[in-house]
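# Fold and contact review
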Amino acid sequence: MVKSKTEKTVLAVYKPAGIVCTEDKREKKNIIRFLNYPVRITYAGRLDKDSEGLLIMTNDGDLINGMMRARYAHEKEYKVTVNKEITPEFIEKMSRGVHIRDREKNLDAVTRPCKVRKNGKYTFSIILTQGLNRQIRRMCEALGYQVRELIRVRIMNIHLGRLKEGEYRKLTDAELNELYDQIKDSSNETVI
(Lines give C-alpha, C1' and ligand atoms only; values in the text may rest on other atoms or scores of the structure.)
Protein backbone atom coordinates (compact mmCIF):
# COMPACT_ATOMS: atom_id res chain seq x y z
CA MET A 1 0.00 0.00 0.00
CA VAL A 2 1.38 3.40 -1.00
CA LYS A 3 1.00 6.15 1.58
CA SER A 4 0.02 9.57 0.30
CA LYS A 5 2.51 12.33 0.95
CA THR A 6 -0.29 14.88 0.97
CA GLU A 7 -1.13 16.06 4.47
CA LYS A 8 -4.78 15.80 5.42
CA THR A 9 -6.54 19.14 5.27
CA VAL A 10 -9.91 19.66 6.96
CA LEU A 11 -11.49 23.12 6.90
CA ALA A 12 -14.62 24.74 8.28
CA VAL A 13 -15.86 27.09 5.54
CA TYR A 14 -18.64 29.70 5.59
CA LYS A 15 -20.26 29.28 2.16
CA PRO A 16 -22.12 32.41 1.06
CA ALA A 17 -25.50 32.19 -0.67
CA GLY A 18 -25.04 32.12 -4.46
CA ILE A 19 -22.01 29.80 -4.39
CA VAL A 20 -22.66 26.31 -5.81
CA CYS A 21 -21.40 23.07 -4.23
CA THR A 22 -19.98 21.51 -7.36
CA GLU A 23 -16.59 20.81 -8.90
CA ASP A 24 -17.98 21.47 -12.38
CA LYS A 25 -15.57 23.98 -13.95
CA ARG A 26 -18.35 25.31 -16.20
CA GLU A 27 -20.06 26.72 -13.07
CA LYS A 28 -18.38 30.11 -12.57
CA LYS A 29 -19.54 30.35 -8.94
CA ASN A 30 -18.46 26.88 -7.81
CA ILE A 31 -17.17 26.41 -4.25
CA ILE A 32 -13.74 25.14 -5.40
CA ARG A 33 -13.06 28.25 -7.50
CA PHE A 34 -14.54 30.52 -4.81
CA LEU A 35 -12.36 29.13 -2.03
CA ASN A 36 -9.24 28.90 -4.26
CA TYR A 37 -7.42 26.84 -1.62
CA PRO A 38 -3.79 25.89 -2.49
CA VAL A 39 -4.39 22.15 -1.87
CA ARG A 40 -7.03 20.16 -3.81
CA ILE A 41 -10.01 19.75 -1.45
CA THR A 42 -13.70 19.09 -1.88
CA TYR A 43 -16.87 19.32 0.19
CA ALA A 44 -18.26 16.72 2.59
CA GLY A 45 -21.98 17.31 2.12
CA ARG A 46 -23.64 20.01 0.07
CA LEU A 47 -25.53 23.20 0.77
CA ASP A 48 -27.88 24.38 -1.99
CA LYS A 49 -27.04 27.54 -3.93
CA ASP A 50 -29.52 29.71 -2.02
CA SER A 51 -28.33 28.55 1.42
CA GLU A 52 -25.31 29.70 3.37
CA GLY A 53 -23.26 28.57 6.30
CA LEU A 54 -20.97 25.77 7.38
CA LEU A 55 -19.33 23.39 4.93
CA ILE A 56 -16.61 20.91 5.80
CA MET A 57 -14.01 20.81 3.04
CA THR A 58 -11.22 18.26 2.96
CA ASN A 59 -8.87 16.10 0.91
CA ASP A 60 -9.61 13.09 3.17
CA GLY A 61 -11.88 10.68 1.27
CA ASP A 62 -12.38 8.44 4.33
CA LEU A 63 -13.69 11.42 6.30
CA ILE A 64 -16.09 12.36 3.49
CA ASN A 65 -17.36 8.78 3.18
CA GLY A 66 -17.83 8.45 6.94
CA MET A 67 -19.73 11.72 7.17
CA MET A 68 -21.99 10.85 4.23
CA ARG A 69 -23.29 7.53 5.58
CA ALA A 70 -26.97 8.37 6.12
CA ARG A 71 -27.72 5.45 8.42
CA TYR A 72 -25.47 6.93 11.13
CA ALA A 73 -27.75 9.96 11.39
CA HIS A 74 -25.04 12.60 11.84
CA GLU A 75 -26.61 15.85 13.10
CA LYS A 76 -26.67 19.07 11.08
CA GLU A 77 -28.16 22.22 12.63
CA TYR A 78 -29.69 25.17 10.78
CA LYS A 79 -31.14 28.59 11.61
CA VAL A 80 -34.09 29.36 9.34
CA THR A 81 -36.10 32.52 8.66
CA VAL A 82 -39.51 32.11 7.00
CA ASN A 83 -42.07 34.45 5.42
CA LYS A 84 -44.81 34.24 8.04
CA GLU A 85 -45.31 33.78 11.75
CA ILE A 86 -44.29 30.41 13.13
CA THR A 87 -47.10 28.60 14.94
CA PRO A 88 -46.94 25.77 17.51
CA GLU A 89 -48.58 23.53 14.86
CA PHE A 90 -45.79 24.30 12.39
CA ILE A 91 -43.13 23.37 14.96
CA GLU A 92 -44.97 20.18 15.89
CA LYS A 93 -45.46 19.07 12.25
CA MET A 94 -41.85 19.87 11.31
CA SER A 95 -40.64 17.89 14.35
CA ARG A 96 -42.70 14.79 13.50
CA GLY A 97 -41.61 14.62 9.87
CA VAL A 98 -43.12 16.04 6.69
CA HIS A 99 -44.17 14.32 3.47
CA ILE A 100 -42.21 15.98 0.67
CA ARG A 101 -42.53 15.38 -3.08
CA ASP A 102 -40.81 16.49 -6.23
CA ARG A 103 -41.71 14.62 -9.41
CA GLU A 104 -38.83 16.15 -11.38
CA LYS A 105 -36.29 14.90 -8.82
CA ASN A 106 -38.14 11.59 -8.31
CA LEU A 107 -38.50 12.44 -4.62
CA ASP A 108 -41.39 11.15 -2.53
CA ALA A 109 -40.46 10.77 1.13
CA VAL A 110 -41.45 11.45 4.71
CA THR A 111 -38.62 13.20 6.51
CA ARG A 112 -37.19 11.72 9.69
CA PRO A 113 -38.39 13.19 12.97
CA CYS A 114 -36.13 16.09 13.95
CA LYS A 115 -35.56 18.67 16.67
CA VAL A 116 -37.20 22.04 15.98
CA ARG A 117 -37.21 25.08 18.26
CA LYS A 118 -38.85 28.46 17.68
CA ASN A 119 -36.33 31.30 18.10
CA GLY A 120 -38.46 34.28 17.12
CA LYS A 121 -41.65 35.29 15.34
CA TYR A 122 -40.23 34.23 11.95
CA THR A 123 -37.16 32.18 12.92
CA PHE A 124 -36.50 28.65 14.11
CA SER A 125 -33.64 26.20 14.60
CA ILE A 126 -33.79 22.70 13.20
CA ILE A 127 -31.49 19.72 13.70
CA LEU A 128 -31.63 17.15 10.90
CA THR A 129 -30.17 13.66 10.74
CA GLN A 130 -30.68 13.24 6.99
CA GLY A 131 -29.87 15.33 3.97
CA LEU A 132 -32.50 15.12 1.27
CA ASN A 133 -32.21 17.60 -1.60
CA ARG A 134 -33.41 21.05 -0.41
CA GLN A 135 -35.02 19.26 2.54
CA ILE A 136 -35.80 22.21 4.84
CA ARG A 137 -37.12 24.32 1.98
CA ARG A 138 -39.36 21.45 0.83
CA MET A 139 -40.58 20.77 4.38
CA CYS A 140 -41.52 24.42 4.84
CA GLU A 141 -43.23 24.59 1.43
CA ALA A 142 -45.29 21.49 2.25
CA LEU A 143 -46.59 23.37 5.32
CA GLY A 144 -47.32 26.62 3.42
CA TYR A 145 -44.17 28.55 4.35
CA GLN A 146 -41.36 30.00 2.23
CA VAL A 147 -37.75 30.08 3.44
CA ARG A 148 -36.26 33.59 3.36
CA GLU A 149 -32.85 32.70 4.84
CA LEU A 150 -31.21 29.37 5.69
CA ILE A 151 -27.88 29.13 7.50
CA ARG A 152 -26.18 25.89 8.53
CA VAL A 153 -24.53 26.54 11.89
CA ARG A 154 -23.31 23.06 12.87
CA ILE A 155 -22.26 19.72 11.37
CA MET A 156 -21.84 17.07 14.05
CA ASN A 157 -19.36 18.60 16.53
CA ILE A 158 -18.14 21.38 14.21
CA HIS A 159 -19.71 24.83 14.70
CA LEU A 160 -19.77 27.80 12.33
CA GLY A 161 -18.87 30.00 15.29
CA ARG A 162 -17.57 33.44 14.40
CA LEU A 163 -16.66 32.73 10.79
CA LYS A 164 -17.99 35.35 8.41
CA GLU A 165 -19.17 34.74 4.83
CA GLY A 166 -16.31 33.49 2.66
CA GLU A 167 -13.97 32.85 5.60
CA TYR A 168 -12.50 29.49 6.54
CA ARG A 169 -10.37 27.98 9.28
CA LYS A 170 -8.55 24.71 9.88
CA LEU A 171 -10.24 22.45 12.41
CA THR A 172 -8.51 22.19 15.78
CA ASP A 173 -6.93 18.90 16.87
CA ALA A 174 -9.72 18.47 19.46
CA GLU A 175 -12.42 19.00 16.79
CA LEU A 176 -10.70 16.59 14.40
CA ASN A 177 -10.27 13.89 17.05
CA GLU A 178 -13.95 14.07 18.00
CA LEU A 179 -15.05 14.15 14.35
CA TYR A 180 -12.94 11.10 13.42
CA ASP A 181 -14.20 9.34 16.55
CA GLN A 182 -17.84 9.98 15.51
CA ILE A 183 -17.32 8.54 12.02
CA LYS A 184 -15.06 5.66 13.09
CA ASP A 185 -17.81 3.01 12.88
CA SER A 186 -19.26 4.30 9.62
CA SER A 187 -15.97 4.51 7.70
CA ASN A 188 -15.20 0.79 8.11
CA GLU A 189 -18.39 -0.22 6.37
CA THR A 190 -18.65 -1.17 2.71
CA VAL A 191 -20.96 0.82 0.48
CA ILE A 192 -23.59 -1.21 -1.36
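Residues numbered from 1 in each chain as written. Predicted model: local features only at pLDDT ≥ 70, side-chain atom pairs only at ≥ 80, totals over all residues. Heavy atoms only, no water.

### Overview of the overall build of the protein chain
Helices and strands together make up the secondary structure of the protein chain, namely five helices and 11 strands. In terms of overall size, the protein chain behaves like a compact globule, its C-alpha atoms giving a radius of gyration of 17 Å where 192 residues would be expected to give roughly 16 Å. Structurally, the protein chain occupies a C-alpha span of about 55 × 35 × 35 Å along its principal axes. Long-range contacts, defined as pairs at least 24 residues apart, comprise 67% of the intrachain contacts of the protein chain with a sequence gap of at least 6. Of the roughly 11,500 Å² of accessible surface on the protein chain, a fraction of 47% belongs to carbon and sulfur atoms. Within the protein chain, one finds 38 positive and 27 negative side-chain charges whose respective centroids are separated by 2 Å. (Helix = DSSP H or I, 4+ residues; strand = E, 2+ residues; numbered from the N terminus. Rg over C-alpha atoms; globule rule 2.2 N^0.38 Å. Contact = heavy atoms within 4.5 Å. Areas by Shrake-Rupley, 256 points an atom, 1.4 Å probe, with all protein chains shown as cover. Lys, Arg positive; Asp, Glu negative; His and termini not counted. Charge placed at Lys NZ, Arg CZ, Asp CG, Glu CD.)

### Some thoughts on the environment of Arg-138
Inspection of the secondary structure puts Arg-138 in helix H4 (residues 135-142). Sequence-distant contacts of Arg-138, defined by excluding residues within four places in its chain, comprise Ile-100, Arg-101, Asp-102, Lys-105, Leu-107 and Asn-133.

### Brief notes about the environment of Thr-22
Looking at the secondary structure, you find Thr-22 in the loop between strand S1 (10-15) and helix H1 (31-35). When the C-alpha atoms of Thr-22 and Ser-95 are compared, they prove to be 30 Å apart, with 73 residues separating the residues in sequence. Contact partners of Thr-22, with chain neighbours within four places excluded, come to Glu-27, Asn-30, Ile-31, Ile-32 and Tyr-43. Polar side-chain contacts of Thr-22 include one of 3.0 Å to the backbone nitrogen of Asp-24. (Polar contact = N/O pair within 3.5 Å; in protein donor to acceptor, adjacent residues only side chain to side chain.)

### Focus: the pattern of salt bridges
All told, the structure shown has 15 salt bridges when counted by the stated rule. Ionic pairing is found between Glu-77 and Arg-154, a salt bridge with its closest N-O pair at 3.0 Å. In this pair, Glu-77 sits in strand S4 (residues 76-82) while Arg-154 sits in strand S9 (residues 147-155), placing the two residues 77 residues apart along the sequence. Classification of Arg-154 as buried rests on a relative accessible area of 9%. For the salt bridge of Arg-101 with Asp-108, the shortest nitrogen-to-oxygen distance reads 4.0 Å. According to the relative accessible area criterion, Asp-108 is exposed, its value standing at 53%. It is possible to trace a salt-bridge network through shared partners that takes in Glu-75, Glu-77, Lys-79, Lys-115 and Arg-154. (Salt bridge = Lys/Arg side-chain N within 4 Å of Asp/Glu carboxyl O. Buried < 20%, exposed > 50% of the residue type's maximum accessible area, 1.4 Å probe, protein only.)

On their own, these measurements won't tell you what the molecule is for.
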